[in-house]
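# What the coordinates show
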Amino acid sequence: MRLLRHLPVVLALGLFAFGSSSCLVAQSPDLPDNAPIATIGAGSTIAINVDILLPANQGTLYFQNGAVSTWEQIDKKAPSCRLTAVESPVVRRLVPGRKLVITGTLQNNASVNFYGDVLQFEEDATVSKLECSPGHKGAMSIAELKQVFGGMFSLIQAPAVVGE
C-alpha cells in the first residue's frame, strides 16, 4: 500500500523530467524547398550517389540537371553549381556513400560573382566548396539545388538543436 501512495509523485517527476528534456533538444522538419541554400545548417551533408572523378590540381567540376558539364555547356539562365576540389597533384574519386559535411554557407547578396551562393566544406580534405547560381536574380533555393543535383547528390539536413 505504501508503494501506491508514492506512485503519483513518481509519475509526476517522470513526466516533468520527460517534458523538460524535450524542450532542450528539438528536431525541426527539413527546411522548405523554397528556402535559400544559405539557410542550410552547418552539420548538414551532401551525400554522393555516383562515382565522380575529381581532376588533379585545384580542379573544378560543373553540374546542371544531374549531370557533369563544362562552363561552355552550362545554360547560364538555369540553376547550376561548380564543385571546387582541394589542390592535389593526383586525380581523386568521390565514391557513392561518401558524405561532405557542410561547415558554413554564404549568400550572393547582389555580388557580381556568377556563383555567389556557397556551401563550404572547410574540414574536408578533398572538396573545399560548392558554389551555385540559380540562373536568375536572387538567392538559389533548396529546390533549385535539388534540380542541379538530380540523382548525383542528396541533401541531408541536420536537425536543429535548440537551447544550447
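Being a predicted model, the structure only gives us computed values, none of them experimental.

## Regarding the pattern of salt bridges
Within this structure, the stated rule accounts for 5 salt bridges. K146 is the partner of D33 in a salt bridge, and the nearest nitrogen-oxygen pair spans 2.9 Å. Separated by 113 residues along the polypeptide, D33 in the loop between α1 (2-24) and β1 (45-48) and K146 in helix α2 (residues 142-149) bring together distant segments of the chain. A residue is classified by how much of its surface remains accessible, and D33, at 37% relative accessible area, is partly exposed. Note that R93 and D51 form a salt bridge whose closest N and O atoms lie 3.2 Å from each other. Taken together, the residues R93 in strand β6 (residues 92-94) and D51 in the loop between β1 and β2 (52-54) connect sequence positions 42 residues apart. Given a relative accessible area of 49%, R93 falls into the partly exposed group.

Calculation criteria
- Residues numbered from 1 in each chain as written.
- Predicted model: local features only at pLDDT ≥ 70, side-chain atom pairs only at ≥ 80, totals over all residues.
- Heavy atoms only, no water.
- Salt bridge = Lys/Arg side-chain N within 4 Å of Asp/Glu carboxyl O.
- Helix = DSSP H or I, 4+ residues; strand = E, 2+ residues; numbered from the N terminus.
- Buried < 20%, exposed > 50% of the residue type's maximum accessible area, 1.4 Å probe, protein only.

It is worth stressing that arrangement in space is one thing and function is another; only the former is reported here.
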